[in-house]
Amino acid sequence: MNIFKDQESNVQCYARNFPVVFNKAKGSWLYTADGEEYLDFLAGAGALNYGHNNSVLKKALMDYIDADGLTHGLDMYSEAKGEFLTQLNQTILKPRGLDYKVQFTGPTGTNAVEAALKLARKVTGRHSIVAFTNGFHGVSYGALAATGNQHHRGGAGMPLQGVTRLPYDGYADIDGLALFETMLNDNSSGMDKPAAVILEVVQGEGGLNVASTPWLQKLDKICKQHDILLIVDDIQAGCGRTGHFFSFEPAGIKPDMVTLSKSIGGYGLPMAIVLFRPELDQWLPGEHNGTFRGNNHAFVTAAKAIETYWRDAQFQLHIQARAEQLTAALEPLLARYPGHFDQIKGRGLMQGIACHDGKFAHQVARACFESGIVIETAGPDDEVLKFFCPLTITEEEMDQGIQIFTDAVERTIASLLKKAS
Ligand SMILES: *Cc1c(COP(=O)(O)O)cnc(C)c1O
């Protein structure tokens, strides 16, 4: 393992909590060369919604590679891209009454966010962007300015500008939208009228905070009244994670722009897109570009994932059932250990349990890893244990995960009591 310690930058992060070398993965499972197996409740931070090496997607990809299908395509037309656009339009956008243009950006989430922010500024001629407390939008400069977390912001080394911060739904019991509205209507509030508001409907890295439907609808209304663009960053919460393809569906709003990455490629392959209303498509050709906008392997698995999982309600019902199974298991734990757990957070399979402090959450996560689950924490103090399993997880696997988690909680509490006595 020393090759990693010796050679890899200190910026490396996840392996600090999971210091093993993985060599295989399938479905909800990760395997090491030593023959250890782990249930994956991290799932590529949401990039593996359809599981590791999903057999249906793998078959499509293998066939495509075997036929020497295009791998790299810049932003040229390719059959694979055409197939993806067709699937996205027919299976996802049309049935939801969404009329969006699709921009392919460089294949990471932060790239899509940069493109959305640039386009919003270009279209409106305004510079300021409103972002929310605990929001996470990526770590390139534009996206980082919209990100709340001080640890990430600290890496910038220069001022992060052009963003006005507002309290998210439920933040410190402050009504952020009342404040926003009042300030927009006051000529002397000192708030420059923003080009756009960017938000996550369920905050992934920020601790699984959920924006309620009334709050979202009010935000949408304020934006419309003041001619401010509404951008939903659905990079983590999208592609089914919260129980619908898009996180904003239950609220019945239609954002002006939507960013997608992480699981849009379907197979863990890099891909990112921005969706926006056709009238907003004021880009000049090549004005925002990127060499790897045409990852055709990702287009193949992205199209296949949509075709396989989103043509009917089956998959959504599956996500809902697994989410209920998880909630039903977490509720008694919360009731049994109110001294350690604070609340259940999130929505769908973007669910977690908040601890009173990050230290306990960390101890439980370590105990989970010892017993065979890879699970991470989120939130301002890393106090939320985040159950980010693949959405394809079976009922039995979820039961297994819950059992290991429950045992880990009980072991951690027992060892704390032993230490205290
Ligand atoms: C992960 C994430 C990003 C950044 O994506 P990268 O691929 O890491 O650049 C942006 N927004 C949200 C909500 C995310 O979860």
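Per an unreviewed UniProt entry, the recorded name for the protein chain is Diaminobutyrate--2-oxoglutarate transaminase, and the organism is Photobacterium atrarenae. In its Cofactor (unreviewed entry) section, UniProt records this for the protein chain: "pyridoxal 5'-phosphate".

## Considering helix α10 (residues 296–309)
In an α-helix, one turn spans 3.6 residues, which is why side chains three or four residues apart end up on the same side. The first and last C-alpha atoms of α10 sit 20 Å apart over 14 residues, in line with the 20 Å expected at 1.5 Å per residue. When you tally the buried positions in α10, you get 11 out of 14 residues, the bulk of the element. The set of residues buried in α10 consists of Asn-296, His-297, Ala-298, Phe-299, Val-300, Thr-301, Ala-302, Ala-303, Ala-305, Ile-306 and Tyr-309. Among the structural elements, α3 (55–66), α4 (79–93), β4 (101–104) and α11 (314–336) are those in contact with the buried residues of α10.

## Quick notes on empty space enclosed by the protein
In total, this model carries one cavity of 30 Å³ or more according to the counting rule given. One number sums up the size of the largest cavity: a volume of about 30 Å³. Looking at the lining of the largest cavity, its residues break down into seven nonpolar, two polar and one charged.

## Points about the environment of Ala-112
By secondary structure assignment, the location of Ala-112 is in helix α5 (residues 109–124). On a C-alpha basis, the gap between Ala-112 and Gln-351 in space is 25 Å, while along the polypeptide they are 239 residues apart. When near neighbours in sequence (up to four residues on either side) are disregarded, Ala-112 contacts Thr-105, Thr-259, Leu-260, Ala-272, Ile-273 and Val-274.

## Quick look at the site of the ligand
In the neighbourhood of the ligand, the contacting residues comprise Thr-108, Gly-109, Thr-110, Phe-136, His-137, Gly-138, Glu-200, Asp-233, Ile-235, Gln-236 and Lys-262. At a separation of 2.8 Å, an oxygen atom of the ligand approaches a polar backbone atom of Gly-109. Residue Phe-136 places a main-chain N or O atom 3.3 Å away from a nitrogen atom belonging to the ligand. For the ligand, whose free accessible area comes to 380 Å², the fraction covered by protein is 82%. When its residues are assigned to classes, the shell around the ligand shows two nonpolar, six polar and three charged.

## Section: the packing of aromatic side chains
Enumeration according to the criterion identifies 19 aromatic pairs in this entry. For the ring pair Phe-22 and Tyr-38, a centre distance of 5.9 Å and an interplane angle of 85° mean the geometry is edge-to-face. With Phe-22 in strand β1 (residues 22–26) and Tyr-38 in strand β3 (residues 37–41), the pair connects residues that are 16 residues apart, well separated along the chain. With relative accessibility at 31%, the residue Phe-22 sits in the partly exposed group. With a centroid separation of 6.0 Å and an interplanar angle of 25°, the aromatic rings of Tyr-50 and Phe-315 are classed as stacked. Of the two residues, Tyr-50 sits in the loop between α2 (43–46) and α3 while Phe-315 sits in helix α11, which places them 265 residues apart along the sequence. With respect to burial, Tyr-50 and Phe-315 carry one shared label: buried.

## Here we look at the layout of surface pockets
Taken as a whole, the second largest pocket spans an internal volume of roughly 490 Å³. What lines the second largest pocket is a set of 17 residues, among which Asp-75, Val-102, Gln-103, Phe-104 and Asp-281 lie closest to the centre. Where the lining of the second largest pocket is concerned, the elements lending two or more residues are α4 and β4. Top contributing element to the lining of the second largest pocket by residue count: β4, with four residues. Looking at the lining of the second largest pocket residue by residue, the classes come out as eight nonpolar, three polar and six charged.

## Notes on the sheet that holds strand β14 (residues 384–387)
In a beta sheet, neighbouring strands are held together by backbone hydrogen bonds and run either parallel or antiparallel to one another. If you walk across this open sheet you meet the seven strands as β1-β2-β3-β13-β14-β12-β11, and the pairing is mixed. Strands at the two margins of the open sheet, each flanked by one partner only, are β1 and β11 (341–347). Pairwise comparison of adjacent strand axes, ignoring direction, gives a mean angle of 30° for this sheet. Strand direction decides the pairing type here: β3 and strand β13 (residues 373–378), joined by three bridges, are parallel. Opposite Phe-41, over in β13, you have Ile-375 as the bridge partner. This element, helix α13 (residues 395–420), spans β2 (29–32), β3, β11, β12 (350–355), β13 and β14 of the sheet and lies at about 95° to β3.

## Focus: the sheet that holds strand β10 (residues 273–276)
Within the open sheet, the seven strands sit side by side as β4-β10-β9-β8-β7-β5-β6. Their pairing is mixed. Looking at the sheet topology across the chains shown, the edges are occupied by β4 and β6 (163–166). Averaged over all pairs of adjacent strands, the angle between their axes in this sheet comes to 20°, without regard to strand direction. Bridge count for strand β9 (residues 257–260) against β10 is four bridges, and the pairing is antiparallel. Paired with Val-258 across the strands is Leu-275, a residue of β10. On top of the sheet, α5 reaches β4, β5 (129–132), β7 (196–199), β8 (229–233), β9 and β10; it is set at about 165° to β9, its chief contact.

## A few points about the packing of α11 against α13
As a packed pair, α11 and α13 sit with axes 10 Å apart at the nearest point and diverge in direction by 15°. In this view, α11 runs roughly parallel relative to α13, as classed from their interaxial angle. Handedness of the crossing formed by α11 with α13: right-handed. Together, Arg-322, Gln-325, Leu-326, Ala-329, Leu-330, Leu-333 and Arg-336 of α11 and Glu-395, Met-398, Asp-399, Ile-402, Phe-405, Thr-406, Val-409 and Glu-410 of α13 make up the contact between the two elements. Considering only residue class, the contact of α11 with α13 consists of eight nonpolar, two polar and five charged.

What counts and how
- Residues numbered from 1 in each chain as written.
- Predicted model: local features only at pLDDT ≥ 70, side-chain atom pairs only at ≥ 80, totals over all residues.
- Heavy atoms only, no water.
- UniProt positions renumbered as here; feature names shortened; annotations may be inferred.
- Helix = DSSP H or I, 4+ residues; strand = E, 2+ residues; numbered from the N terminus.
- Expected span 1.5 Å × (residues − 1).
- Buried < 20%, exposed > 50% of the residue type's maximum accessible area, 1.4 Å probe, protein only.
- Contact = heavy atoms within 4.5 Å.
- 1 Å grid on protein atoms, 1.4 Å probe; cavity = no way out; pocket = protein on both sides within 12 Å on 5 of 7 lines; lining within 4 Å.
- Points joined across faces, edges and corners; volume = space filled by probe spheres on them.
- Nonpolar A, V, L, I, M, F, W, Y, C, P; charged D, E, K, R; others polar.
- Near = heavy atom within 4 Å.
- Polar contact = N/O pair within 3.5 Å; in protein donor to acceptor, adjacent residues only side chain to side chain.
- Areas by Shrake-Rupley, 256 points an atom, 1.4 Å probe, with all protein chains shown as cover.
- Phe/Tyr/Trp six-rings, centres within 6.5 Å; stacked < 30°, edge-to-face > 60°.
- Pairing = 2+ DSSP bridges.
- Axes fitted to C-alpha atoms, helices over the stretch in contact; angles between N-to-C directions.
- Parallel < 35°, antiparallel > 145°, perpendicular 65-115°, else oblique.
- Left-handed = near helix turned anticlockwise from the far one by under 90°.

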